[in-house]
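Reading the structure
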Amino acid sequence: MRVVSNSDQEDAGRYAMKGFAIGTAQWAGVGLFASALAYSFMPWYRRTQTVNKFYIVMCFGLGGGAYKSDRYMVNYERRGRAQTLDEETRKRYEIIYGDATEAQKALEKA
């Protein structure tokens, strides 16, 4: 799907940012859980500075946000292509088989 107009660009950007926010929240949760497990079972991780632990959780969050944002953008484009294809197919069917109103008129005459 081509993002042609400014409003299309804004819609696509908003949808991708929604995916980024969701992905960041999901994967930051995973990072916190992994950090808690490492803190519980690995003595060397306990000695690690808090700043580095925060960095690890932040990397999880940013990576998850980037991944989910990309997935949302791909799905947005896929939906747009499917909608465009449906419209073109409908136009072709109307050219080949005629309008639904014409078919209804033909049935009423018969």
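The structure contained in this document is the topic of the report that follows. (Residues numbered from 1 in each chain as written. Predicted model: local features only at pLDDT ≥ 70, side-chain atom pairs only at ≥ 80, totals over all residues. Heavy atoms only, no water.)

**Regarding the packing of helix 1 (residues 6-41) against helix 3 (residues 50-97)**
Contact geometry of helix 1 with helix 3 gives a least axis separation of 5 Å together with a crossing angle of 145 degrees. For the pair helix 1 and helix 3, the crossing hand works out as right-handed. Class assignment of the residues belonging to the contact of helix 1 with helix 3 gives a composition of 18 nonpolar, ten polar and six charged. (Axes fitted to C-alpha atoms, helices over the stretch in contact; angles between N-to-C directions. Helix = DSSP H or I, 4+ residues; strand = E, 2+ residues; numbered from the N terminus. Left-handed = near helix turned anticlockwise from the far one by under 90°. Nonpolar A, V, L, I, M, F, W, Y, C, P; charged D, E, K, R; others polar.)

**A closer look at the pattern of salt bridges**
Taken as a whole and assessed by the stated rule, the structure comprises two salt bridges. Among the ionic pairs, Asp11 bridges to Arg14, the shortest N-O distance being 3.0 Å. Of this pair, Asp11 and Arg14 both sit in helix 1, three residues apart, roughly one helical turn. For Arg14, a relative accessible area of 53% translates into the label exposed. Note that Lys91 and Glu88 form a salt bridge whose closest N and O atoms lie 3.8 Å from each other. One end of the pair, Lys91, and the other, Glu88, are both in helix 3, three residues apart, so they sit about a helical turn from each other. (Salt bridge = Lys/Arg side-chain N within 4 Å of Asp/Glu carboxyl O. Buried < 20%, exposed > 50% of the residue type's maximum accessible area, 1.4 Å probe, protein only.)

**Focus: the side chain of Ser69**
Position of Ser69 among the secondary structure elements: in helix 3. What makes Ser69 buried here is its relative accessible area of 17%. A polar contact is formed between the side chain of Ser69 and the backbone oxygen of Ala16, at a distance of 3.3 Å. In this view, Ser69 contacts Ala16, Gly19 and Phe20; residues no more than four positions away in its chain are not counted. (Polar contact = N/O pair within 3.5 Å; in protein donor to acceptor, adjacent residues only side chain to side chain. Contact = heavy atoms within 4.5 Å.)

**Concerning helix 1**
In this model, helix 1 (36 residues) spans 52 Å end to end at C-alpha, consistent with the 52 Å of a helix rising 1.5 Å per residue. The complete set of buried residues in helix 1 reads Ala12, Ala16, Gly19, Gly23, Ala28, Gly31, Ser35 and Ala38. Looking at the buried positions of helix 1, the neighbouring elements they touch are helix 2 (43-46) and helix 3. (Expected span 1.5 Å × (residues − 1).)

**Notes on the packing of aromatic side chains**
What the rule picks out here adds up to three aromatic pairs. Here the aromatic rings of Tyr15 and Tyr72 are separated by 5.0 Å at their centres, their planes lie at 40 degrees, and the arrangement is tilted. Linking Tyr15 in helix 1 with Tyr72 in helix 3, this pair joins segments that are 57 residues apart in sequence. The class of Tyr15 is partly exposed, set by a relative accessible area of 21%. Residues Tyr15 and Tyr76 carry aromatic rings whose centres are separated by 5.8 Å and whose planes lie at 40 degrees to one another, so their mutual orientation is tilted. Residue Tyr15 is found in helix 1, and its partner Tyr76 is found in helix 3; the two are separated by 61 residues along the sequence. Owing to a relative accessible area of 13%, Tyr76 belongs among the buried residues under this scheme. Taken together, the ring pairs connect Tyr15, Tyr72 and Tyr76 into an aromatic cluster. Here the guanidinium or amino end of Lys53 rests over the ring plane of Tyr45, the centre of that ring lying 5.5 Å away. (Phe/Tyr/Trp six-rings, centres within 6.5 Å; stacked < 30°, edge-to-face > 60°. Lys NZ or Arg CZ within 6 Å of the ring centre and 35° of its normal.)

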